[in-house]
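# A structural walkthrough
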Amino acid sequence: MKSNGLDYTALVITVIGALNWGLIGLFRFNLVTFLFGDMTWLSRVVYVIVGICGLYLLSLFGRITSMGDR
């Protein structure tokens, strides 16, 4: 599978988002709110970017599956 920089960037951002959700679930500590404020425009941009990266990584499943067909 040929990966590019966008794949790795999206993966890192998604992992950071997952860690934030883990902090929320375990300790009720929202890192994004702590850093950027409660639902400010900047925190909303961070949430949108994490969501877009997660959706982009869905395409990774298709690329991995197509590699198995070869």
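Reference entry: report on the structure contained in this document. Just so we're clear, the structure is a prediction, and the values are computed from it rather than from any experiment.

Considering the arrangement of structural elements, one finds Gly54 in helix H3 (residues 41-68). The class of Gly54 is partly exposed, set by a relative accessible area of 26%. Distance in space between the C-alpha atoms of Gly54 and Val12 is 10 Å, their sequence separation being 42 residues.

The next subject is the layout of surface pockets. Size it by volume and the largest pocket reaches roughly 190 Å³. In terms of lining residues, the largest pocket is bounded by Ile13, Ile16, Gly17, Asn20, Trp21, Leu31, Val32, Leu35, Phe36, Val46, Tyr47 and Val50. Of all elements in the fold, only helix H1 (5-27), helix H2 (31-36) and H3 reach the threshold of two or more residues within the lining of the largest pocket. For the lining of the largest pocket, the element with the most residues is H1, which contributes 5 residues.

A contiguous nonpolar surface patch, about 1,200 Å² in accessible area, is contributed by Leu26, Phe27, Phe29, Leu31, Phe34, Leu35, Phe36, Trp41, Leu42, Val45 and Ile49. When contributions to the nonpolar patch are tallied by element, the ones reaching two or more residues are H1, H2 and H3. Looking at the secondary structure, you find Phe34 in helix H2. Its relative accessible area of 59% is what places Phe34 among the exposed residues.

Cut-off values and rules
- Counting starts from 1 at the beginning of each chain's written sequence and moves along it residue by residue.
- Since the coordinates come from a predicted model, pLDDT governs what is reported: local features require at least 70, and pairs of side-chain atoms require 80 or more to be given and counted, while whole-chain, interface and lining totals use all residues.
- With hydrogens and water set aside, each side-chain value is computed from the structure's full complement of heavy atoms.
- To qualify as a helix, a DSSP run of H or I must reach at least 4 residues; to qualify as a strand, a run of E must reach at least 2; elements of each kind are numbered from the N terminus.
- Classification of residues uses two cut-offs on accessible area relative to the type maximum, computed with a 1.4 Å probe and protein chains only: under 20% is buried, over 50% is exposed, and between them is partly exposed.
- Only protein atoms enter the 1 Å grid, on which a cavity is a set of points fitting a 1.4 Å probe that cannot get out and a pocket is an open set with protein on both sides within 12 Å along at least 5 of 7 lines, lining residues being those with an atom within 4 Å of a point.
- Grid points are joined across faces, edges and corners, and a volume is the space filled by probe spheres set on the points.
- Residues enter a patch when their relative accessible area is above 30% and they make no salt bridge; the linking distance is 9 Å between like charges and 5 Å between nonpolar side chains (Val, Leu, Ile, Met, Phe, Trp, Tyr).
- The Shrake-Rupley method, run with a 1.4 Å probe, gives the accessible areas here. Residue values count only the displayed protein chains as cover.
- Only one rule defines a salt bridge in this text: a Lys or Arg side-chain nitrogen within 4 Å of an Asp or Glu carboxyl oxygen.

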